[in-house]
Amino acid sequence: YLLGRMYDIIIINIWIDPFSFDRATYIIPVDGRLNLPWVGQIVLEGLTIQQAESRLAQAYAPFIKSPQITVSLVSPRSLRVTVSGQVQRPGSYSLTPREAGVVPGTVTVGGNPNDWPTVVAAIQAAGGLQQQANLRAVELRRLRLDGSIQSTTVDLWALLQGQHSPQDISLRDGDTIIVPVATNLDPSEAQQIAIANFSPDSIAVNIAGEVKDPGEVEIKPNSSLNQAILAAGGFDDPRASSGSANLIRLNADGTVVNRVIQVY
């Protein structure tokens, strides 16, 4: 998963005395280790800017009296994540931190979770949810350092209900998000999910028969049958039987629903 990864670039200022300082630019490699003058190898992976400055100050304390060190993040790397299951466009996505607040890679130790892409951001990048998505059991898979896989269940339905729990987890490079199929989906829940910000902005439906512009049309989620017919130009009078229309829906399990809907 390292292909195409961008690396964090930082600038380190070390004040040697009140009148001179050393300034250098470093690229943090994949293992988060830097080789610095005097102190040798320093690990910065997973630290915030402030934590990195503190670690460097401790390392340089034997060589510089009361070392004053500043760290600036010039270019944060993007995270490569995979999104699969009930999303519009499954695949691999590169997500960039919203703010330059972390050095580098993770936010598990003191980092601000608002800086890094979350599960919802990954779903949004994948085009949003499909209609049969199970928000209560979204799976986040993460590769541990020992090679094992950590699996976490993310309840985005609880997030949608305004519960104050850390459900929208911040991502790390290489994470995989899997959105499963909902076996039973309450219509009222489906309507609430359709207007959430992790649902697609529009859905495609096919309008056939006696309308003025038959074919595929794009409509907003939760649109009514009448709105879909209007998007196709409305009924093609006088041939159309405007009192009802057939709604044909293919379910995720392969079954087909055919309903006759009254149109007003």
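No experiment lies behind these values; they were computed from the predicted model shown. (Residues numbered from 1 in each chain as written. Predicted model: local features only at pLDDT ≥ 70, side-chain atom pairs only at ≥ 80, totals over all residues. Heavy atoms only, no water.)

**Quick notes on the packing of aromatic side chains**
Here's step 1: Tallied over the full model, the rule gives two aromatic pairs.
Here's step 2: Plain terms: the ring middles of Trp-38 and Phe-63 are 6.1 Å apart, the flat faces sit at 45 degrees to each other, and that makes the pair tilted. Here Trp-38 is found in the loop between strand S3 (33–36) and strand S4 (40–43), whereas its partner Phe-63 is found in the loop between helix H1 (49–60) and strand S6 (68–75), with 25 residues between them in sequence.
Here's step 3: Among the residues examined, Phe-63 registers a relative accessible area of 49% and is labelled partly exposed.
Here's step 4: In this structure an aromatic cluster arises from ring pairing among Trp-38, Tyr-60 and Phe-63. (Phe/Tyr/Trp six-rings, centres within 6.5 Å; stacked < 30°, edge-to-face > 60°. Helix = DSSP H or I, 4+ residues; strand = E, 2+ residues; numbered from the N terminus. Buried < 20%, exposed > 50% of the residue type's maximum accessible area, 1.4 Å probe, protein only.)

**Quick look at the sheet that holds strand S12 (residues 176–179)**
Here's step 1: Overall, mixed pairing links the five strands, which are arranged S8-S7-S12-S10-S11 in an open sheet. In the strand order of this sheet, the two ends are held by strand S8 (91–95) and strand S11 (149–154), each with one partner. Geometrically, the sheet is characterised by an average inter-axis angle of 25 degrees between neighbouring strands, direction not taken into account.
Here's step 2: The pairing of strand S10 (residues 138–143) with S11 spans six bridges and is antiparallel. Residue pairing in the sheet places Glu-139 in a bridge with Thr-153 of S11. (Pairing = 2+ DSSP bridges. Axes fitted to C-alpha atoms, helices over the stretch in contact; angles between N-to-C directions.)

**Considerations on H1**
Here's step 1: In a regular helix each residue adds 1.5 Å, so twelve residues correspond to 16 Å; H1 covers 17 Å between its end C-alpha atoms and thus fits that length.
Here's step 2: Considered for burial, the residues of H1 that qualify are Ile-49, Ala-52, Leu-56, Ala-57, Ala-59 and Tyr-60. All buried residues of H1 project into a common sector of 160 degrees when viewed along the axis, lining one side. Residues of H1 that are exposed and point over 90 degrees away from its buried face: Gln-50 and Gln-58. (Expected span 1.5 Å × (residues − 1). Arc of directions from axis to C-beta.)

**Comments concerning the environment of Gly-40**
Here's step 1: Tracing the backbone through its elements, the reader meets Gly-40 in strand S4.
Here's step 2: When residues no more than four places from it in sequence are discounted, the contact partners of Gly-40 are Leu-34 and Asn-35. (Contact = heavy atoms within 4.5 Å.)

**Brief notes about unusual backbone geometry**
Here's step 1: Despite not being glycine, Trp-38 shows a phi value in the positive range, around 75 degrees.
Here's step 2: Although it is not a glycine, Ser-66 adopts a positive phi angle of roughly 45 degrees.
Here's step 3: Following the sequence through the fold, Ser-66 ends up in the loop between H1 and S6.

**Description of the nonpolar core**
Here's step 1: Counting 26 residues, the largest nonpolar core has Val-119, Ile-123, Leu-129, Leu-156, Leu-171, Ile-177 and Val-179 as its most contacted members.
Here's step 2: Of all the secondary structure elements, the ones that give two or more residues to this core are strand S7 (79–85), S8, helix H2 (119–125), S10, helix H3 (156–160) and S12.
Here's step 3: For this core, the element with the highest residue contribution is H2, accounting for four residues.
Here's step 4: The residues touching Leu-171, leaving out its near neighbours within four places in the chain, are Leu-79, Val-81, Leu-95, Pro-117, Thr-118, Val-119, Ala-122, Leu-140, Arg-142 and Ile-177.
Here's step 5: Of all hydrophobic cores here, the second largest spans 19 residues; its members include Ile-49, Tyr-60, Ile-69 and Leu-73. (Core = buried A, V, L, I, M, F, W, Y, C linked by side-chain atoms within 4.5 Å.)

**Let's talk about the pattern of salt bridges**
Here's step 1: Scanning the model with the defined rule gives two salt bridges in all.
Here's step 2: Residues Arg-142 and Asp-175 are paired through a salt bridge, measuring 2.7 Å at the closest nitrogen-oxygen approach. Of the two residues, Arg-142 sits in strand S10 while Asp-175 sits in the loop between H3 and S12, which places them 33 residues apart along the sequence. Side by side, Arg-142 and Asp-175 carry an identical accessibility label, which is buried. (Salt bridge = Lys/Arg side-chain N within 4 Å of Asp/Glu carboxyl O.)

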